[in-house]
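# Inside the fold
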Amino acid sequence: MVANINEIQSAAAALLNEGKVKLVLGYRVRGNDRVPAFVTQADQVGCLAYDSACTQNLAAYLRKGEVRSRMPLAVVARPEVMRSLMLLTAESQIAEGQVTVLAVDEQGFHGVLDLAGTAKLLNEQYARIAPDSSLMEQLAKIEAMTPQERSAFWSEQFEPCTRCYACRAACPGCFCERCIVEMNTPQWISTAAESHGNFAWHMIRAFHQAGRCVECGACQDACPQGIPLMLLNHFIAREVEREFDARNGYDPQAEPVIGSWKQDDKQEYIR
Amino acid sequence: MTQATTQTETKAEGFEPRIVAFVCNWCTYAGADLAGTSRLQYAPHVRIVKLPCTGRIDPLFILKAYEGGADAVLVSGCHPGDCHYTSGNYHARRRWTIFRRLLSLAGVEEGRLFFSWVSAAEGQKFADLINDVTAQVKAAGPFKHNPARRQAW
């Protein structure tokens, strides 16, 4: 399932030649891996590749100074990455005109779009990306457990975590310049070389994804210990949709879910 | 915070729960103050942490309380519409809605996390709330499967 790579390459070359972008963020092949490619010259576009193994979310690079200084730029983006771009627009991290999208999906290349065009394409073609059914099954199983079993289940899942924060680095939604894990007065997340602190980290990481996660899966792919982060992400996304009728990354003008409120938000649990 | 945590586990009978309450300065703390000046008797198990506003209560505070061995956490502030800073409690309410669901998924059951609105005039409500929460936590016993607690190596 390789997208028509010649089309991507020639579109990237045209953007660079016309001076519309200074950088094209895409993928290239290195051995069995797909790694990010940072193309600044039209004669380098030959390295660009795209297939279903390109799972990294390139929108995560948009918070880096080295990348931001090369705006405007173009990003090779599958639907989840497009949603990340919508989210970053909604959260005032990128502005219209700074980012051009080279839209791809499993079927192929869908042209060069600006952010408004991307929003239209997303809502027309990818409005309902079906959630992974195995995730939903696993969640249902966990929810059927007793609290004691759930506690034991997650302790076991979090146990191998070394708090390398690769999940944070891979996520375009984690764009805080100073993350709580770098704060040490007080030390919110333990830095001890043991499992204490894992629970707090995974809870707060998942919670900070409320209203942000586009379920691209980049954090779970980045995790060297194979922790099922998507279970938490999918749960949070599902709850946000149920409670606040919000789906992340479809509306570039959307108010942040956790940064906004309504007078009639539900509160049946507050006495 | 972590050194005093073994006490609750060893004393199952005659269990005195450790409850941490995060309250706002303007309503619930004033309500607690009213309960005190009115000489209302209520259970002594709640450690109150006063913050300017419920909007200031980061979910990290709740996690930190559990890490430190709290058997339950209570979060309380001004009724909707009464926030001293206009909307702090509305912001907080959104966070709580998601965060409590997440904690529930992670194994923190109902009865370990409480939310309430208590105004500065509701001294009686505060005393009743503390009594009720304490009774519930006492009945539930020590929070043995607390997933945030430091595990023995």
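Read on for a plain summary of the structure. The model shown is predicted, which means the values in this text are computed figures rather than measured ones. (Residues numbered from 1 in each chain as written. Chains lettered and ligands numbered in written order. Predicted model: local features only at pLDDT ≥ 70, side-chain atom pairs only at ≥ 80, totals over all residues. Heavy atoms only, no water.)

A full pass over the atoms with the stated rule returns 18 salt bridges over all chains. Among the ionic pairs, A:Lys20 bridges to A:Glu18, the shortest N-O distance being 3.1 Å. Take A:Lys20 and A:Glu18: they sit in the same class, and that class is exposed. In this structure, A:Glu143 engages A:Arg238 in a salt bridge whose closest nitrogen and oxygen atoms are separated by 2.7 Å. Residue A:Glu143 is located in helix H5 (residues 133-144), and its partner A:Arg238 is located in helix H10 (residues 229-244); the two are separated by 95 residues in the primary sequence. A residue is classified by how much of its surface remains accessible, and A:Arg238, at 18% relative accessible area, is buried. One connected set of salt bridges, linked through shared partners, spans A:Glu143, A:Arg238, A:Glu239, A:Arg242 and B:Arg101. (Salt bridge = Lys/Arg side-chain N within 4 Å of Asp/Glu carboxyl O. Buried < 20%, exposed > 50% of the residue type's maximum accessible area, 1.4 Å probe, protein only. Helix = DSSP H or I, 4+ residues; strand = E, 2+ residues; numbered from the N terminus.)

Residues and elements named next belong to chain B. Summed over the entire model, instances satisfying the criterion amount to one disulfide over all chains. Two residues share a disulfide in this structure: Cys27 and Cys78, whose sulfurs sit 2.3 Å from each other. An S-S torsion of about 95 degrees defines the bridge between Cys27 and Cys78 as right-handed. Note that Cys27 is positioned in the loop between strand E1 (19-24) and helix H2 (28-37) and Cys78 in the loop between strand E3 (72-77) and helix H4 (88-105), a separation of 51 residues in sequence. (Disulfide = S-S within 2.5 Å.)

On to the side chain of A:Thr118. All names here are of chain A. Along the polypeptide, Thr118 turns up in helix H4 (residues 115-125). Polar side-chain contacts of Thr118 include one of 2.7 Å to the backbone oxygen of Asp114. Among residues more than four places away in sequence, those in contact with Thr118 are Met82, Met86, Val101 and Leu113. (Polar contact = N/O pair within 3.5 Å; in protein donor to acceptor, adjacent residues only side chain to side chain. Contact = heavy atoms within 4.5 Å.)

Before going further, it helps to spend a moment on the interface of chain A and chain B. Listed as interface residues are 45 residues of chain A and, on the opposing side, 43 residues of chain B. Carbon and sulfur atoms make up 64% of the area that chain A and chain B hide from each other, which totals about 4200 Å². One can count four salt bridges joining chain A with chain B. When the shortest N-O distance is used, the salt bridge between B:Asp132 and A:Arg271 registers 2.5 Å. The tally of links between chain A and chain B comes to 20 residue pairs in polar contact (both at pLDDT 80 or more). (Buried area = accessible area lost by both parts, 1.4 Å probe.)

Attention now goes to the sheet that holds E3(B). Residue and element names in this part refer to chain B. Read across the sheet, four strands follow the order E2-E1-E3-E4 without closing on themselves; strand pairing throughout is parallel. Two strands close off the open sheet at either side, each with one partner strand: strand E2 (46-51) and strand E4 (113-117). Here the average twist between neighbouring strands, direction ignored, is 20 degrees. Examined bridge by bridge, E3 and E4 share five bridges and lie parallel to one another. Within the sheet, the bridge partner assigned to Ser76 lies in E4 and is Ser116. Across the sheet, helix H3 (residues 59-67) is in contact with E1, E2, E3 and E4; its angle to E3 comes to roughly 150 degrees. Relative to the sheet, helix H5 (residues 123-140) contacts E1, E2, E3 and E4, its axis offset from that of E4 by approximately 170 degrees. (Pairing = 2+ DSSP bridges. Axes fitted to C-alpha atoms, helices over the stretch in contact; angles between N-to-C directions.)

Turning our eyes to something else, we now look at H10(A). Over its 16 residues, H10(A) extends 22 Å from the first C-alpha to the last, a length consistent with the 22 Å expected when each residue adds 1.5 Å. Judged by how many residues are buried, H10(A) sits mostly within the fold: 13 of 16 residues are covered. (Expected span 1.5 Å × (residues − 1).)

Another point: the sheet that holds strand E3 (residues 73-77) of chain A. Residue and element names in this part refer to chain A. Pairing is mixed in the open sheet, where five strands are placed in the order E2-E1-E3-E4-E5. At either end of the open sheet lies a strand with only one pairing partner, and these are strand E2 (33-39) and strand E5 (108-113). Recorded for the sheet is a direction-independent mean angle of 25 degrees between the axes of neighbouring strands. Taken together, the three bridges between strand E1 (residues 23-30) and E3 define a ladder with parallel strand orientation. Bridge pairing links Leu25 to Val75 in E3.

All names here are of chain B. Where burial is concerned, most of E1 is hidden: six out of the six residues are buried. The alternating pattern of E1 places Ile19, Ala21 and Val23 on one face and Val20, Phe22 and Cys24 on the opposite face, and all of these are buried. Where E1 and E2 come together, six bridges link them in parallel fashion. Counterpart to Phe22 in the pairing with E2 is Val49. Taking the sense of rotation as the criterion, the β-α-β connection linking E1, H2 and E2 turns out right-handed. Where E1 lies against E3, five bridges are found, and the strand directions are parallel. Along E3, the bridge assignment pairs Ile19 with Ala72. (Right-handed = clockwise from strand over helix to strand, strands pointing away.)

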